[in-house]
Each structure stands twice: as structure tokens, then as C-alpha cells.
Amino acid sequence: MIITRIVGGLGNQMFQYAVGRALSLASGQPLKLDLTDMDRDRLRSLQLDQFNIKGDIASLDEVPAKQRNSMFGRIMTSVKNRSRVPQRVEKSAQFDPTILLIREPVHLTGYWQTEKYFADYADIIRQDFSLKQPFSAQRQNTLRMIEEAQSPVSVHVRRGDYVSNPSANSIHGTCEPEWYAKAMHTMGSTMKDATFFVFSDDPQWARENLATLGKMIFIEPQSDGRDGEDMHLMAACHSHIVANSTFSWWGAWLNPRERKRVIAPASWFRSQAHDNPDLVPSSWERLTT
């Protein structure tokens, strides 16, 4: 079987599912999800269940046992893991082509943040990430506005812990108002009658700091836990301006239009130690401030 470890927020969960699903399809093995870390996470919850994903939940007897500190504990862990699926841990953020060659049972641990791991199965992955439920009434109204706009463009503004958490800020940083103004001007210069639909976890900041360029509609976030619907609203737009956020990334990637235009930050991470040149698809544009 192929077992993939699920951890983090929705965007990260989707990358981890996608690489496991791709290997499952390539090898003809069933897919299982290792939720042991999610069960212990007090800040985040499993959100993949909003989608039509495939695969069962792995049992504790199927996932690698956690290493213990004592000598006896390490010996017992080693004995337990001999009879379980071998573990493959992500070596770095960059794409590892040897992962695609795996055909034997494996347990995957990592973030796997590049479409190169699942591009061959893009249509299936997009279908897996279709919504189980119809849009909520408020989101249905937003979808109607997007469908009625001539050239809808999603603009994602990621704040949250990127601002409030010093550690997250030092790694990720944020896209500043000047960058958004340049991105929106660049998009609008080649797109007639663009309507910018602004999605943000801090809509008040977005209203106060984004330059007014053309028609702009600010989408209020909901606290109902159905974030996958907001992601699909972004995907319903024809083109995208994405923040340095995996949620933002998937909002653009789920759009299947071949002629979509996506503008992303030139630097995804503030910390160069975390740089991943494979994260942003080659067809997307990278824009500096």
C-alpha cells in the first residue's frame, strides 16, 4: 500500500494527498492516509474530508512507530518497524524524481510542494479535490458574481500567522501592498474589464492597503470551516494573483483553464534556506516588487 502522512493546514494536506494518490495510481496499490499527527494537532484539523478524495485511514499498526529516547525504546521501535511499510522521508523541499519511480509499498513523510509529483494525474487530482457539498448560500452568491464578470481575477492576501508569529514571518514574510499594486496593474494591462475578487484572512487590512485598480470586490471570510469552498471560488476565476501561500497555490492550480494567467511572487520565502525552485509551476509568472 501507499501511505501518506497528513499534517499542517489545508494546502499542505492537499500536497501530501496528491503525491500519495499519484504513486497509488502509478503502482496500482491502494492509498491510505496517516492521520496520527492530525489527531494530536490542537491548532489544525483534517480538512481533506471536504473533497471527494480516495483512500482509507491507516491504522496504528500500519504506520511507522515513533522513535523513543531510551535504548530499550529505540530497540522496540526498530523491531516494530521491520514488519511495517518502509518509510520514505522527504530529503529537501526541491523535487526528487526518484519518488516517481517507487512501485513498492511505502510510507511518505514530507510536504512535497511541487506539482511535478502529480502532474501526470492532474485531471484525476482535480476531480478528487472537487467539493462533496454544494456551496453555502453566501458563497453561491459570490460564485454568481464571478460567473457574471467578464474577466474575473482572484487576488489572495495571506496575513494571519505570517504576521502575528515571528517564526513564521521570518520564514515566509508577506507580499506587500506595492507588490499587489504591480501585480494587479500587470494583470489589468492585458485583460479588458478585469474584476479583482480579493480573498483574505484579513479583509480589513486588504481594504485599507490595496490600491484601487479597476473593479474590486472584497470577499468576507467565513468561520464555518468550509475553506475548501473559498479555494474553489478562487479557482472559478479566470486568472489569479497568488500570495506565498499553499492555499493560494491550490486556488490557482485547481483552475483547469489552459489559458489562465497566474502571477506569483518572485520570492516565495523570505528565508533563502527554505527556497524551493520547483514550487511554482513553470507556466506561472514570477513578479518582483
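This structure is a prediction, so every number in the text was calculated from the model and none was measured.

Rules used throughout
- Residues numbered from 1 in each chain as written.
- Predicted model: local features only at pLDDT ≥ 70, side-chain atom pairs only at ≥ 80, totals over all residues.
- Heavy atoms only, no water.
- Pairing = 2+ DSSP bridges.
- Helix = DSSP H or I, 4+ residues; strand = E, 2+ residues; numbered from the N terminus.
- Axes fitted to C-alpha atoms, helices over the stretch in contact; angles between N-to-C directions.
- Contact = heavy atoms within 4.5 Å.
- Right-handed = clockwise from strand over helix to strand, strands pointing away.
- Polar contact = N/O pair within 3.5 Å; in protein donor to acceptor, adjacent residues only side chain to side chain.
- Expected span 1.5 Å × (residues − 1).
- Buried < 20%, exposed > 50% of the residue type's maximum accessible area, 1.4 Å probe, protein only.
- Core = buried A, V, L, I, M, F, W, Y, C linked by side-chain atoms within 4.5 Å.

J.: How do you make sense of the sheet that holds strand 9 (residues 239–241) when you look at a structure like this?
T.: Picture the strands of a sheet paired through backbone hydrogen bonds; they go either parallel or antiparallel. The parallel open sheet is built from 6 strands, whose spatial order is 8-7-6-9-10-11. In this open sheet, the two edge strands, each paired with only one partner strand, are strand 8 (215–219) and strand 11 (285–287). On average, each strand axis in the sheet is inclined to that of its neighbour by 25 degrees, with strand direction left out of account. Its contacts with the sheet put helix 8 (residues 177–189) on strand 6 (151–157), strand 7 (194–200), strand 8, strand 9, strand 10 (262–265) and strand 11, and the angle it makes with strand 9 is roughly 160 degrees. Those strands touched by helix 10 (residues 227–236) are strand 6, strand 7 and strand 9, and its axis lies near 160 degrees from that of strand 7.

J.: What is the right way to look at the pairing of strand 8 in this model?
T.: The side chains of a regular strand alternate between the sheet's two faces. As judged from the 5 bridges shared by strand 7 and strand 8, these two strands associate in the parallel manner. Its bridge partner being in strand 8, Phe197 is matched across the sheet by Ile217. This β-α-β element, strand 7 to helix 9 (residues 203–209) to strand 8, shows right-handed connectivity.

J.: Sorry, what's going on with the side chain of Glu90 here?
T.: One can find Glu90 in the loop between strand 4 (87–89) and strand 5 (106–109). Among the polar contacts made by the side chain of Glu90, one reaches the main-chain amide nitrogen of Trp112 at a distance of 3.0 Å. Ignoring any residue separated from it by four or fewer positions in sequence, one finds Glu90 in contact with Thr109, Gly110, Tyr111, Trp112 and Gln113.

J.: Just to check I follow, could you spell out the sheet that holds strand 4 for this structure?
T.: If you walk across this open sheet you meet the 5 strands as 3-2-1-5-4, and the pairing is parallel. Only two strands of the sheet have a single partner each, and these edge strands are strand 3 (56–57) and strand 4. In terms of strand pairing, strand 2 (residues 31–34) meets strand 3 through 2 bridges, oriented parallel. Note that in strand 3 the partner of Lys32 across the bridge is Asp56. Contacting strand 1 (2–5), strand 2 and strand 5, helix 1 (residues 10–27) runs over the sheet at an angle of about 175 degrees to strand 1.

J.: Got a minute to help me understand the side chain of Gln29 in this structure?
T.: Looking at where Gln29 falls in the secondary structure, it is placed in the loop between helix 1 and strand 2. Within polar-contact distance, the side chain of Gln29 engages the side chain of Ser27 at 3.1 Å. In contact with Gln29, other than residues within four places in its own chain, are Met1, Ile2, Ser24, Arg103, Glu104 and Pro105.

J.: Quick question: what am I supposed to make of helix 1 here?
T.: Residue pairs spaced three or four apart in an α-helix point in one direction, given the helix's 3.6 residues per turn. Helix length check: helix 1 (18 residues) gives 26 Å between terminal C-alpha atoms against 26 Å at 1.5 Å per residue, within 8%. Across the 18 residues of helix 1, 15 count as buried, placing the element largely inside the fold. Phi turns positive one or two residues past the end of helix 1, at Gly28, with a value near 75 degrees.

J.: Looking at this model, I keep getting lost on the nonpolar core. Mind explaining?
T.: Considering soluble globular proteins, one finds that nonpolar side chains tend to be buried as a cluster. The biggest cluster of nonpolar side chains holds 53 residues, and the ones touching the most others in it are Met14, Phe118, Phe129, Trp249, Trp250, Trp253 and Trp284. In terms of residue count, helix 1 provides more of this core than any other element does, 8 residues in total. Leave out the neighbours within four places in its chain, and Trp284 touches Val242, Trp249, Ala252, Trp253, Lys260, Val262 and Ala264. In terms of nonpolar packing, the next biggest core, distinct from the first, is built from 21 residues, Val153, Trp179, Val198 and Met216 among them.

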